[in-house]
Amino acid sequence: MRVELLTREYPPHIYGGAGVHVDELARVLRTHIEVGVRCFDGPRDAPGVTGYDTPPALAEANPALATLGTDLLIANDVRADVVHSHTWYANLAGHLAGLLNDIPHILSAHSLEPLRPWKAEQLGGGYAVSSWAERTAYEGAARVIAVSAGMRADILRAYPQIDAAKVEVVHNGVDVDAWYRPEESVIDEAAAKHGVDRSRRSVIFVGRITRQKGLPYLLKAAAALPDDVQLIFCAGAPDTPELYAEVTALVEELRETRTGVLWIPDMLPREELIALLASATVFACPSIYEPLGIVNLEAMAVGLPVVASATGGIPEVVADGETGVLIPLAQVSDGSGTPTNPDQFIADIAAGLMNVLEDEARGKRMGTAGRKRAEEHFSWEAIAERTIEIYRDVL
């Protein structure tokens, strides 16, 4: 069996959880079957990986049209028994490749365009184009893989025309051999480099500056935390200048009233990020939309308790009261994920963080339990085996 994975993100150009997913899935699949990868962001040197540039004529086009141009190049080259696409960026390439070659197209759902209406701020009319591409691919796919049961429910609500029997759940995973607490000297070095005082308690956030990650809510909640608590924000790649300005203003406001507000906008090497995570007391995930949340798994694998919104697939990862604390989140029903009561959500984030920060022993127990949960329930080997079962089923 030869499978080709189609993705926007692939090393060294990974921006979020979907890229991590494809990288890890490809690594394990290759131990069982023949795997090719086709991706965006230019040529790659790795064997079996083909990278594509945006067609020159579309370099200045709306980003959605530029994406579809790359999709056409990819679809034209696919030679496989099964094609497996990831995110809307590559879904249309998978759909067209399936039609051209009369092979099954499987797609993994890492997010849904109907549940990310804020993307219209970035893409303008291109958001309608990306939504069309995603819908077309989902309705034509032989199988749709949801990364959580919550995501599966979202898919069936967003696209009721899809036969529920063809929507399968295969969780995201974490490489527990790569994500683990390092030696104290390594943690000390990373902390010193970024100005973290290890004698103080600290909250850490890791994620892109995008509406779905909920960073402004965390920044507002942070104002209610005790003055000795440090705040570490590993946050970059803002979706829009307006959102970047909003986050900047909130960070500056915090810095006017407290010390230890550390904002790291660069994407850190994995080893450095792991050490920085290990220097913190608790991991915060205030997302208003999160199909699963690999960042939570990574934090758990490093041994951190996680305080996260009870939305999407997060409750399938974070065991409330055992590996962390889930924050209640009532949301409006217009697809935006906006909290119905933002002030209450902000207050609940602060309370959840204090729940862990005020009891060091409890936090450590949660961290230990989180590592164990990551090891037992979210291994990439099990995920790859389940994915191959789906390949064989559609063939």
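Heads up: the structure comes first, above all this text.
Residues numbered from 1 in each chain as written. Predicted model: local features only at pLDDT ≥ 70, side-chain atom pairs only at ≥ 80, totals over all residues. Heavy atoms only, no water.

Asker: Run through the overall build of the chain, naming residues and quoting values.
Answerer: If you tally the helices and strands in the chain, you get 14 helices and 13 strands. Its C-alpha atoms put the chain at 60 × 40 × 40 Å along the principal axes. Within the chain, buried positions represent 58% of all 395 residues. Just so you have it, the chain exposes about 15,900 Å², and 51% of that area is on carbon and sulfur atoms. (Helix = DSSP H or I, 4+ residues; strand = E, 2+ residues; numbered from the N terminus. Buried < 20%, exposed > 50% of the residue type's maximum accessible area, 1.4 Å probe, protein only. Areas by Shrake-Rupley, 256 points an atom, 1.4 Å probe, with all protein chains shown as cover.)

Asker: Go over the packing of aromatic side chains, please, and point to the residues and values.
Answerer: Under the counting rule described, the total for this entry stands at four aromatic pairs. Each ring, one from Tyr217 and one from Phe345, has its centre 5.3 Å from the other, and the planes form 65°; the classification is edge-to-face. With Tyr217 in helix α8 (residues 215-222) and Phe345 in helix α12 (residues 342-357), this residue pair connects regions lying 128 residues apart in the sequence. Per residue, the accessibility class of Tyr217 equals that of Phe345, and both read buried. Sitting over the face of the ring of Tyr89, Arg8 holds its NZ or CZ atom 4.6 Å from the ring centroid. (Phe/Tyr/Trp six-rings, centres within 6.5 Å; stacked < 30°, edge-to-face > 60°. Lys NZ or Arg CZ within 6 Å of the ring centre and 35° of its normal.)

Asker: Describe the sheet that holds strand β11 (residues 282-285), and please don't skip the residues or the numbers.
Answerer: Read from one edge to the other, the open sheet built from six strands follows the order β10-β9-β8-β11-β12-β13, with strand pairing classed as parallel. Only two strands of the sheet have a single partner each, and these edge strands are β10 (261-264) and β13 (324-327). Across this sheet, the average inter-strand angle for adjacent strands is 20°, counted without regard to direction. Looking at chain direction, strand β12 (residues 306-309) and β13 are connected through four bridges and run parallel. Across the sheet, residue Val306 finds its bridge partner in β13, namely Gly324. In the packing of helix α10 (residues 270-278) onto the sheet, contacts are made with β8 (202-208), β9 (230-236), β10 and β11, and the angle to β8 comes to roughly 145°. Contacts from α12 reach β8, β11, β12 and β13, with the element oriented near 170° to β13. (Pairing = 2+ DSSP bridges. Axes fitted to C-alpha atoms, helices over the stretch in contact; angles between N-to-C directions. Contact = heavy atoms within 4.5 Å.)

Asker: So, the nonpolar core: which residues are in play, and what are the values?
Answerer: In terms of nonpolar packing, the biggest core is built from 91 residues, with Ile155, Ile204 and Leu353 touching the most fellow members. The element that contributes the greatest number of residues to this core is α12, accounting for eight residues. Setting aside its immediate chain neighbours within four residues, Leu353 contacts Val203, Leu218, Leu225, Val282, Ala284 and Val307. Judged by nonpolar contacts, the second largest core, of 24 residues, contains Leu5, Leu29, Ile33 and Cys39. (Core = buried A, V, L, I, M, F, W, Y, C linked by side-chain atoms within 4.5 Å.)

Asker: So what's going on with helix α2 (residues 63-77)? Which residues, and what values?
Answerer: Compared with the 21 Å implied by 1.5 Å per residue over 15 residues, the 22 Å span of α2 between its first and last C-alpha is a close match. Restricting attention to buried positions, one finds in α2 the residues Ala64, Ala66, Thr67, Leu68, Gly69, Thr70, Asp71, Ile74 and Ala75. Packed against the buried residues of α2 are β1 (2-7), β2 (34-39), α3 (87-101), α4 (120-123) and α5 (126-140). Measuring from the side-chain oxygen of the N-cap residue of α2 to the backbone nitrogen of Ala64 gives 2.9 Å; that N-cap residue is Asn62. (Expected span 1.5 Å × (residues − 1). Polar contact = N/O pair within 3.5 Å; in protein donor to acceptor, adjacent residues only side chain to side chain.)

Asker: For the pattern of salt bridges, give the residues involved together with the corresponding values.
Answerer: Tallied over the full model, the rule gives 23 salt bridges. A salt bridge links Glu4 to Arg38, with the nearest nitrogen and oxygen atoms 2.6 Å apart. In this pair, Glu4 is assigned in strand β1 and Arg38 in strand β2, connecting sequence segments 34 residues apart. Side by side, Glu4 and Arg38 carry an identical accessibility label, which is buried. With its nearest N and O atoms 2.7 Å apart, the salt bridge here joins Arg116 to Glu113. (Salt bridge = Lys/Arg side-chain N within 4 Å of Asp/Glu carboxyl O.)

Asker: I'd like a rundown of unusual backbone geometry, residues and numbers included.
Answerer: Of note, the bond from Pro11 into Pro12 is cis; its omega dihedral lies within 30 degrees of zero at 5°. Inspection of the secondary structure assignment puts Pro12 in the loop between β1 and α1 (17-29). In this model, Asp41 sits at a positive phi of 70°, which is unusual for a non-glycine residue. Within the secondary structure, Asp41 is located in the loop between β2 and β3 (49-51). Using a relative accessible area of 32% as the deciding quantity, one classes Asp41 as partly exposed. The phi torsion at Asp102 lies on the positive side, around 55°, for a residue other than glycine. Locating Asp102 in the fold gives a position in the loop between α3 and β5 (105-109). For Asp102, a relative accessible area of 72% puts it in the exposed group.

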